Structure formats: C-alpha cells, structure tokens
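Observations on the three-dimensional arrangement
If you want the building blocks of each chain, they are given just below.
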Amino acid sequence: VEVPSEFRDALPVDRLKLQRISKLPAVTDFLIANSTVPGFVSNRNMKYGTWFFQCLVEVFKENAKNMDIRDMFDQITRVLNEKESNDSSRRKQTFEVTSRGFYKKLYFNPDEVVDEEYENDEEYENDDDTVSDKQEQNKKGFKK
C-alpha cells in the first residue's frame with residue numbers, strides 16, 4: 001500500500017519488518033459462489049430468480065443463526081440437487097464455490113426477519129416460468 005507523501009513522516013513503519021510479518025497472500029479471505037459452473041447456464045424462475053438464489057435464501061433463512069457459511073453451502077447443494085425442470089429435458093443444476101484463503105468459520109447470526117412475499121413460494125415450485133438464462137437472452141430486445 002502506497003502512503004501519500006504528506007503522511008510518510010507520521011507513520012514510523014519498518015518496511016522490512018512488515019514484509020517478514022505479512023505471510024498472507026495479497027488475495028485472501030475470499031469465498032466466491034457462482035450460480036452454475038463455467039459453460040452452463042443458470043435455471044431461473046421468472047418470479048423468484050435463479051434456482052441457486054432460491055436455495056441460498058431458503059438455506060440462509062433456516063440456518064444462518066446456527067450454521068457457518070461453508071456448511072450452508074453444503075446444504076444448498078443438497079437442496080439444489082432436488083430441483084428439476086418441468087420440461088422434457090428434466091434439466092438439473094449445480095453451482096460452484098471458490099475459496100481463496102478463506103479458512104475461518106463465518107456465522108451471520110441474523111435477527112428473526114421474515115419476508116412475507118417469499119413465504120408463499122411453495123405454490124410456485126412447479127411453476128412453468130422456469131427458463132434458462134440462454135432462453136431469456138434470446139428474447140427480442142435483450143442486449144449483451
């Protein structure tokens with residue numbers, strides 16, 4: 001990190017000491033979740049969004065108070081594996097999580113907040129509004 005010249009005298013920093021102390025890589029503490037794996041599209045319900053996001057919301061609402069994020073991602077995998085499209089191809093989906101130096105337990109412990117609009121999503125589980133992103137992109141007027 002470059003320190004502006006007007007602050008250099010105010011910060012007695014031993015750069016060699018900092019180099020010895022800092023053994024962590026520059027890019028660390030990242031946990032990246034993608035709704036699908038490269039080369040595939042995300043299945044999406046027109047009203048509630050991608051299957052991955054639906055599962056993420058469901059699992060976080062039920063487990064964030066007592067489960068760390070990695071265990072919640074494992075649970076999302078189980079819930080997402082249960083989803084299947086209603087068309088003849090019976091599409092399935094998986095997602096990926098990339099960890100870059102993320103090794104600690106992360107808990108959210110949220111207050112009890114209920115989103116009433118999302119409470120009634122059971123009636124839409126078998127909704128025929130599920131489309132892939134590719135189908136959505138092919139609609140007239142969609143620009144990349």
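Here the structure is a predicted model, which means the values were calculated and not measured. (Residues numbered from 1 in each chain as written. Predicted model: local features only at pLDDT ≥ 70, side-chain atom pairs only at ≥ 80, totals over all residues. Heavy atoms only, no water.)

**Some details on unusual backbone geometry**
Its identity as a non-glycine residue notwithstanding, Asp-29 has a phi of 60°, on the positive side. Tracing the sequence through the fold places Asp-29 in the loop between α1 (15-21) and β1 (30-34). Of note, Arg-90 is a non-glycine position whose phi angle comes to about 50°, a positive value. A relative accessible area of 41% places Arg-90 in the partly exposed class. (Helix = DSSP H or I, 4+ residues; strand = E, 2+ residues; numbered from the N terminus. Buried < 20%, exposed > 50% of the residue type's maximum accessible area, 1.4 Å probe, protein only.)

**A short note on the nonpolar core**
Across soluble globular proteins, nonpolar side chains have a tendency to be buried as a group. Formed by 16 residues in total, the largest nonpolar core has its most connected members in Met-72, Phe-73 and Ile-76. Those elements giving two or more residues to this core turn out to be α2 (51-63) and α3 (69-81). When near neighbours in sequence (up to four residues on either side) are disregarded, Phe-73 contacts Leu-31, Ala-33, Phe-52, Leu-56, Phe-95 and Val-97. (Core = buried A, V, L, I, M, F, W, Y, C linked by side-chain atoms within 4.5 Å. Contact = heavy atoms within 4.5 Å.)

**What to know about the confidence of the model for the chain**
When the pLDDT values of the chain are averaged, the result is 75; 59% of them are 70 or greater. Ranking the helices and strands of the chain by mean pLDDT puts α3 first, with 96, and helix α4 (residues 116-119) last, with 51. In this model residues 123-128 is a low-confidence stretch, pLDDT under 50, and it forms 7 contacts with partners more than four residues away in sequence or in other chains. Residue range residues 139-144 is modelled with pLDDT below 50. Its contacts to residues more than four positions away, or to other chains, number 4 contacts. (pLDDT = per-residue confidence, 0-100.)

**Concerning the pattern of salt bridges**
A side chain with one charge may pair with a side chain of the opposite charge, provided their charged atoms come close. Per the counting criterion, the structure on display carries 3 salt bridges. Glu-84 is the salt-bridge partner of Arg-90, the closest N and O atoms lying 3.0 Å from each other. Owing to a relative accessible area of 36%, Glu-84 belongs among the partly exposed residues under this scheme. Linking Asp-87 and Arg-91 is a salt bridge whose minimum nitrogen-to-oxygen distance equals 2.4 Å. Overall, Asp-87 belongs to the partly exposed group, its relative accessible area being 31%. (Salt bridge = Lys/Arg side-chain N within 4 Å of Asp/Glu carboxyl O.)

**Thoughts on the environment of Thr-94**
Relative to the helices and strands, Thr-94 resides in the loop between α3 and β4 (96-100). Along the sequence, Thr-94 and Val-37 sit 57 residues apart, while their C-alpha atoms lie 6.9 Å from each other.

**Examining α3**
Taking 1.5 Å per residue, 13 residues should reach 18 Å; α3 reaches 18 Å between its end C-alpha atoms and fits that length. Every buried residue belonging to α3 is among Ile-69, Met-72, Phe-73, Ile-76, Val-79 and Leu-80, and all of these are buried. The arc that holds every buried residue of α3, seen down its axis, measures 120°, which confines them to one face. On its buried side, α3 packs onto β1, α2 and β4. Looking at where α3 begins, the residue whose side-chain oxygen comes 3.1 Å from the main-chain nitrogen of Arg-70 is Asp-68. (Expected span 1.5 Å × (residues − 1). Arc of directions from axis to C-beta. Polar contact = N/O pair within 3.5 Å; in protein donor to acceptor, adjacent residues only side chain to side chain.)

**Concerning the packing of aromatic side chains**
Under the counting rule described, the total for this entry stands at 4 aromatic pairs. Between Phe-73 and Phe-95, the ring centres sit 6.0 Å apart and the planes meet at 45°, which makes this aromatic pair tilted. With Phe-73 in helix α3 and Phe-95 in the loop between α3 and β4, this pair connects stretches of sequence that are 22 residues apart. Since its relative accessible area comes to 8%, Phe-73 is described here as buried. On the basis of relative accessibility, which here comes to 10%, the residue Phe-95 falls in the buried class. Grouping aromatic residues by their ring pairs yields a cluster made of Phe-52, Phe-60, Phe-73, Phe-95 and Phe-108. (Phe/Tyr/Trp six-rings, centres within 6.5 Å; stacked < 30°, edge-to-face > 60°.)

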